[in-house]
Amino acid sequence: MPNTIVQGAAFPTFDNIAVQTVVNVEYHGTCKDGTDARVGQQDLGNTIFGETTCVLLNSNSFCDRWRVRINYSLINSYSSTSTATTNGVRKTVCHEVGHTLGLAHYGNGDPYFNSPDGSTNSCMISGYQGGGQAWTRTYGPHHVGHINAWWS
Amino acid sequence: MKMSSLNKEVRSTRMKARFSGLGFTCVLGASVLLAGCGADNQGASPAYGPSRSVDVSIFDAGGDADTVQFKTPEDRLESPVSPVAMTGTIDGIEEGPTVLESESGLGYPDLRERFALVRIRIDQTFRRGSENSDPKYVYVSLSRGAEVIDKDGNPIRPDNGPSTIADLDTFTNALPADTRVVLMGSPWTAAPGPHVLVKNAKPSRSDAVVIDGTDPQAFSVEVKPGGSMYGWNNYTFAELKKESAAALTSR
């Protein structure tokens with residue numbers, strides 16, 4: 001079940017990237033040319049919602065392969081309903097995959113403020129899961145601008 | 001903190017620019033991947049502390065993590081996430097554990113993550129974690145990064161690309177001796193999985209507790225003497241220590 005939920009959150013996250021940004025998205029069973037991101041579920045302890053690590057650099061020092069790990073158990077423990085769990089997983093996948101696109105997060109030490117989009121949050125906020133609002137599964141204009149500049 | 005984020009964005013820009021027009025491949029894993037200090041801060045020119053500031057970019061060596069963030073030390077210490085709570089100073093860096101994973105299901109470990117151990121000289125103990133642990137030292141485990149390896153254990157680096165593993169000297173330079181720290185964490189264990197193998201590098205103080213430092217609120221460092229704490233941006237070392245002590249004595 002947990003893996004199905006993480007997988008179920010990953011597809012719309014990548015589909016959204018294709019809609020919101022200029023980045024091309026393809027799905028493969030094994031790593032291919034281009035930047036690969038493998039999304040999986042793993043128990044990362046009792047305070048880490050998700051984690052993204054570059055595991056392979058090419059000769060120009062750009063990341064060629066990312067490991068994305070989603071801590072379903074922790075997200076579920078913070079959720080009172082299955083819908084809330086699904087929303088939390090979706091937010092975390094959006095957040096972690098955002099790192100693979102080059103984004104930094106915001107909110108460390110001040111989790112409810114300092115969005116680069118002013119009063120509007122995006123899934124790149126750290127330490128706050130939200131409640132399933134649209135911003136929990138999308139990137140804000142500030143971050144979309146960065147992504148499109150970097151990937152065009 | 002803002003400067004740190006800015007630096008990260010600039011670095012990421014450089015990393016990503018080369019991927020223009022290339023496809024973005026998503027592979028979905030269907031299963032589990034698998035005291036040297038004296039008095040507290042009293043003024044602008046404290047007569048204690050390290051010879052240089054902490055380079056907080058070292059905390060990105062293992063990647064980015066989205067963590068639970070507690071608003072106050074009291075909130076964190078009331079939760080079950082911090083069986084160990086201490087203050088201390090950085091004493092040195094040692095080799096840490098190595099974790100091997102079979103991320104791709106190839107039948108052999110194809111991913112290797114290395115860790116550094118930050119040796120902390122304990123100043124004040126709020127929660128010891130284990131009564132049998134070393135009362136003078138504790139360790140913090142920090143990821144040095146992860147790398148793809150072949151079935152013989154050799155790193156795979158296309159076109160001789162750079163390593164994704166930070167060396168121990170980088171940690172020594174980034175985390176100066178005598179830097180003050182506050183620990184509010186839990187013992188380190190490798191993320192579990194059916195294809196996970198841990199090779200432990202024993203700390204020099206073999207009876208010392210090893211804390212997971214991935215969460216910045218678990219391993220908070222004083223970036224420069226008298227300044228704010230990394231992980232608890234709204235607190236100085238003295239404030240964080242005071243509130244932690246008060247939270248535990250009031251319970």
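Computed from a predicted structure; not experimentally measured.

Rules used in this analysis
For every chain, the first residue of the written sequence is number 1, and numbering continues from 1 along that sequence. The order in which chains are written sets their letters, starting at A; the order in which ligands are written sets their numbers, starting at 1. Local features are withheld for residues below a pLDDT of 70 in this predicted model, meaning they are given only at 70 or higher, and side-chain atom pairs are given and counted only at 80 or more; totals for whole chains, interfaces and linings count all residues. To get the side-chain values, take all heavy atoms of the structure and skip hydrogens and water. By the criteria applied, helices consist of DSSP H or I runs no shorter than four residues and strands consist of E runs no shorter than two, each listed in order from the N terminus. In this description the radius of gyration comes from C-alpha coordinates, and the expected globular size is given by 2.2 Å times residues to the power 0.38. The rule is simple: take the accessible area with a 1.4 Å probe, protein chains only, and divide by the maximum for that residue type; under 20% is buried, over 50% is exposed, in between is partly exposed. The contact criterion used is simple: two residues touch if any of their non-hydrogen atoms lie within 4.5 Å. Every accessible area reported is derived by Shrake-Rupley at a probe size of 1.4 Å, with residue values counting cover from the shown protein chains alone. Here a pair means two rings of Phe, Tyr or Trp (six-membered ring of Trp) with centres within 6.5 Å. Their orientation is stacked below 30 degrees between planes, edge-to-face above 60, and tilted elsewhere. Among buried residues, those of type Ala, Val, Leu, Ile, Met, Phe, Trp, Tyr and Cys that are joined through side-chain atoms within 4.5 Å constitute a nonpolar core. Two strands pair if DSSP finds at least two bridges between them. When a carboxyl oxygen of Asp or Glu lies within 4 Å of a side-chain nitrogen of Lys or Arg, that pair is called a salt bridge. The arc refers to the directions leading from the helix axis to the C-beta atoms. Here a polar contact means two N or O atoms within 3.5 Å. Within protein one must be a hydrogen donor candidate and the other an acceptor candidate, and residues neighboring in sequence count only if both atoms are side-chain atoms. To count toward a patch, a residue needs a relative accessible area above 30% and no salt bridge. Like charges then connect within 9 Å, nonpolar side chains (Val, Leu, Ile, Met, Phe, Trp, Tyr) within 5 Å. All tallies of charge rest on Lys and Arg as positive and Asp and Glu as negative; His and the ends of each chain are not included. Taken as the charge centre is NZ of Lys, CZ of Arg, CG of Asp or CD of Glu, depending on the residue.

Engineer: How should I be thinking about the overall build of chain A in this particular structure?
Structural biologist: Within chain A one finds 4 helices and 4 strands. Counting from the amino terminus, chain A carries its helices and strands in the arrangement α-β-β-β-β-α-α-α. The C-alpha radius of gyration of chain A comes to 15 Å, within 12% of the 15 Å expected for a compact globule of 152 residues. Residues classed as buried in chain A amount to 59% of the 152 residues present. Considering only intrachain contacts with a sequence separation of at least 6, the fraction spanning at least 24 residues in chain A is 60%. Looking at chain A as shown, the accessible area adds up to about 5,400 Å², and 51% of this sits on carbon and sulfur atoms.

Engineer: In this structure, what is going on with the overall build of chain B? I would like to understand it.
Structural biologist: Regarding its fold elements, chain B presents 4 helices and 11 strands. Burial statistics for chain B: of 251 residues in total, 53% are counted as buried. For chain B, the accessible surface area stands at approximately 11,000 Å², while carbon and sulfur atoms represent 48% of it.

Engineer: Whenever I open this one, the environment of Val23(A) confuses me. Can you help?
Structural biologist: Tracing the chain through its elements places Val23(A) in the loop between helix H1 (2-20) and strand E1 (24-27). Sequence separation of Val23(A) and Trp150(A) is 127 residues, and the distance between their C-alpha atoms is 9.5 Å.

Engineer: For this particular structure, what's the right way to read the packing of aromatic side chains?
Structural biologist: Centre-to-centre distance and the angle between the planes together describe a pair of aromatic rings. Residues and elements named next belong to chain A. Considering all chains together, one arrives at 8 aromatic pairs over all chains under this definition. Aromatic pair Phe 49 and Tyr 78: ring centres 5.8 Å apart, planes at 75°, arrangement edge-to-face. Here Phe 49 is found in strand E3 (residues 48-57), whereas its partner Tyr 78 is found in the loop between helix H2 (72-77) and helix H3 (82-100), with 29 residues between them in sequence. Residue Phe 49 is classed as buried on the basis of its relative accessible area of 2%. By way of ring pairs, the aromatic residues Phe 11, Phe 14 and Tyr 27 are connected into one cluster.

Engineer: Looking at this model, I keep getting lost on the nonpolar core. Mind explaining?
Structural biologist: Across soluble globular proteins, nonpolar side chains show a tendency to be buried alongside one another. If you look at the biggest cluster of nonpolar residues, it comprises 50 residues, and the most contacted ones within it are Val39(A), Ile70(A), Val89(A) and Tyr139(A). It is H1(A) that provides the largest number of residues to this core, a total of 6 residues. Among residues more than four places away in sequence, those in contact with Ile70(A) are Val6(A), Val39(A), Gly40(A), Gln41(A), Gln42(A), Phe49(A), Gly50(A), Ile75(A), Val89(A), Thr92(A), Val93(A) and Glu96(A). Grouped together as the second largest cluster of nonpolar side chains are 26 residues, Val56(B), Val140(B), Leu175(B) and Ile211(B) included.

Engineer: How should the pairing of strand E4 (residues 111-128) of chain B be read in this particular structure?
Structural biologist: Residues and elements named next belong to chain B. Pairing of strand E3 (residues 84-101) with E4 involves 15 bridges; the strand directions are antiparallel. Looking across to E4, one finds that Thr 98 is bridged to Arg 114. With 11 bridges joining them, E4 and strand E5 (residues 137-148) adopt antiparallel strand pairing. If you follow Arg 112 over to E5, its bridge partner there is Glu 147.

Engineer: So what exactly am I meant to see when it comes to the pattern of salt bridges here?
Structural biologist: Between side chains of opposite charge, a pair can form as their charged atoms come close. Using the criterion set out here, one finds 17 salt bridges over all chains in the structure. In this structure, Glu147(B) and Arg157(B) form a salt bridge, with 3.8 Å as the shortest nitrogen-oxygen distance. Separated by 10 residues along the polypeptide, Glu147(B) in strand E5 and Arg157(B) in the loop between E5 and helix H3 (168-174) bring together distant segments of the chain. Overall, Glu147(B) belongs to the buried group, its relative accessible area being 5%. The closest approach of N and O atoms between Glu222(B) and Arg180(B), which form a salt bridge, is 3.0 Å. Linking Glu222(B) in strand E9 (residues 219-222) with Arg180(B) in strand E6 (residues 180-185), this pair joins segments that are 42 residues apart in sequence. Residue Glu222(B) shares its accessibility class with Arg180(B), and that shared class is buried. Three or more residues are tied together by salt bridges with common partners; here these are Glu51(A), Arg67(A), Arg69(A), Glu101(B) and Glu113(B).

Engineer: Explain helix H4 (residues 141-151) of chain A to me, please; I cannot follow it from the model alone.
Structural biologist: Residues and elements named next belong to chain A. Restricting attention to buried positions, one finds in H4 the residues His 143, Val 144, Ile 147, Trp 150 and Trp 151. Around the axis of H4, the buried residues are gathered within 135° of arc, so they sit on the same side. Exposed residues pointing more than 90 degrees away from the buried face of H4 are listed as Pro 141 and Ala 149.

Engineer: Honestly, the side chain of Gln69(B) in this entry has me stumped. Any pointers?
Structural biologist: With respect to the element layout, Gln69(B) can be found in the loop between strand E2 (64-67) and helix H2 (73-78). Gln69(B) gets classed as buried once you look at its relative accessible area, which sits at 11%. In terms of polar contacts, Gln69(B) uses its side chain to reach the side chain of Ser126(A), at 3.4 Å.

Engineer: Would you mind showing me how to read a negative patch on the surface here?
Structural biologist: Residue and element names in this part refer to chain B. Taken together, Glu 74, Asp 75, Glu 78, Glu 239 and Glu 243 make up a surface patch of like negative charges. Elements supplying a minimum of two residues to the negative patch: H2 and helix H4 (237-249). Here the negative patch gets 3 residues from one element, more than from any other, and that element is H2.

Engineer: I'm lost on the pairing of E2(B) in this one. Help?
Structural biologist: Side chains on a regular strand alternate between the two faces of the sheet. The two faces of E2(B) match: Asp64(B) and Asp66(B) on one face and Ala65(B) and Thr67(B) on the other face are all buried. Strand direction decides the pairing type here: E3(A) and E2(B), joined by 4 bridges, are antiparallel. Pairing of Gly50(A) across the sheet is with Asp66(B), part of E2(B).

Engineer: Looking at this model, I keep getting lost on the side chain of Arg76(B). Mind explaining?
Structural biologist: Looking at the element boundaries, Arg76(B) is found in helix H2. Look at Arg76(B) and you get buried, because its relative accessible area is 1%. Separated by 3.2 Å, the side chains of Arg76(B) and Ser82(B) make a polar contact. Once you skip the residues sitting within four places of it in the chain, Arg76(B) turns out to touch Thr47(A), Phe70(B), Val81(B), Ser82(B), Met184(B), Gly185(B), Asp215(B), Gln217(B), Ala218(B) and Trp232(B).

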